Amino acid sequence: MQYRMVQGPMLVVLCHIEVNELADAMLAHANDPQFVAFGSGCPSPDLFPLERVRRVLSSMARRDRDALGRYGLPPGTERLRRAVARRALEWGCRVDYRDIVTTSGCMEAINLCLRAVTRPGELVALESPTYYGFLQILQSLGLRALEIPTHPRSGISLEALELALAEHPVKAVLVMPNVSNPIGATMSDAAKRRLVELLARKGVPLIEDHIYADLYFGQAPCKAAKAYDRGGNVMLCGSFSKTLSPGLKAGWIVPGRWRDSLRMLKFVASGGQNELVELAIAELIESGGYERGLRGLRRRFESQVDAARGIIAEAFPRGTRVTRPSGGYILWLELPKNSDSVALFETLVDRGITIGPGPMFSASQRYRNCMRISVGSAWSPRRCCSASCWAG
């Protein structure tokens, strides 16, 4: 099955946000071992080198005995910022490590960027469907969402975005140009350049979420939209939660011209970071094992995605469409028109299964007949049975 268009090619929707109820209901069971969690976006722990992470953390604590006795003040540990700057070269970005600000994961990075460039009541443009966590951040900051149509292969519609910028007072644009969540799209390099140049002309900041980019299934690393930024108008955000260890909660921002304000906002938000964790992550990246682990993750996720698409083709109702993501482990399904993914979600919870119902990924509660599923865990007999039994 091949998923086609998410929605009409020029439709833009202006709206307020109400997604917390569905998200809370899904996340309530995300870590429950009694549940088969197709809804959660966190991969299985056994895919990560957790034993190696534990050894490095223990070794670092012995070597730097004062690390736990120091505040890890913004902008963060120099060693980790240097490591991120070196990795950015693979994404086409020449970054001065002194400009990078470390964070407690990518969600905090996005939150800080939005606080730096918006005020309550203002308008933020973003992909549709989009990651529900973005909608929760916007709601918490009192911001409004402007949904922009997005294609499951090529990403956000630049034509619709340009029209939106002409008609609405957009204060920031929040996108995932590489391996987007939930539809797995990756923009072409030409489209990324066009996006950056469009927003630079309009004077509208671009907040770029890069969190899944290293899980791209292609042969070459994904180039970030930030690679085309010439005036500091792009804030690039990422973390190691999807590629190294979710529990370490370490992220970063390449902040463009908002470096000073982001440092201040980071200090006000949390005071700083865990220096020991940042030193351990830097060691894991510098040792070379990080890249080897990435290659293994990509192969594993690509295999699991292929297996999931096969199960969907066999077991789901006729007319179901599913994305073919460019990386990662997230699939977006469009069920037949009369389907109700919220009602399905409620039924499945009673059976010990979770999904991500479609309205969770839209500020305007659309995509009622759609859903997101995560295949970040191996296809055990229990997961296969769960997927095939409830789909019909």
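You'll find the structure just up there.
Conventions adopted
- Residues numbered from 1 in each chain as written.
- Predicted model: local features only at pLDDT ≥ 70, side-chain atom pairs only at ≥ 80, totals over all residues.
- Heavy atoms only, no water.
- Phe/Tyr/Trp six-rings, centres within 6.5 Å; stacked < 30°, edge-to-face > 60°.
- Helix = DSSP H or I, 4+ residues; strand = E, 2+ residues; numbered from the N terminus.
- Buried < 20%, exposed > 50% of the residue type's maximum accessible area, 1.4 Å probe, protein only.
- Lys NZ or Arg CZ within 6 Å of the ring centre and 35° of its normal.
- Pairing = 2+ DSSP bridges.

As for the packing of aromatic side chains
Inference 1: Counting across every chain of the model gives nine aromatic pairs.
Inference 2: Ring centres 5.5 Å apart and planes at 15° place the aromatic pair Trp91 and Trp252 in the stacked group. Of this pair, Trp91 sits in the loop between helix H3 (78-88) and strand E3 (101-103) while Trp252 sits in strand E10 (residues 251-254); the two residues are 161 residues apart in sequence, bridging distant segments of the chain.
Inference 3: Considering the side-chain rings of Phe301 and Tyr329, the 4.8 Å spacing of their centres and the 45° angle between planes classify their relative orientation as tilted. In this pair, Phe301 sits in helix H10 (residues 289-315) while Tyr329 sits in the loop between strand E11 (321-322) and strand E12 (330-334), placing the two residues 28 residues apart along the sequence. The exposure classification of Phe301 matches that of Tyr329, with both residues buried.
Inference 4: Put simply, the rings of Tyr131, Tyr132, Phe134, Trp332, Phe361 and Tyr367 touch in pairs and so form one group of aromatic residues.
Inference 5: Its guanidinium or amino end placed over the ring of Tyr97, Arg82 lies 4.0 Å from that ring's centre, counting from NZ or CZ.

Regarding the pairing of E10
Inference 1: The two faces of E10 match: Gly251 and Ile253 on one face and Trp252 and Val254 on the other face are all buried.
Inference 2: Taken together, the three bridges between E3 and E10 define a ladder with antiparallel strand orientation. Bridge pairing links Thr102 to Trp252 in E10.
Inference 3: By the bridge criterion, four bridges tie strand E9 (residues 234-239) to E10 in an arrangement that is antiparallel. Bridging across to E10, Gly238 finds its partner in Trp252.

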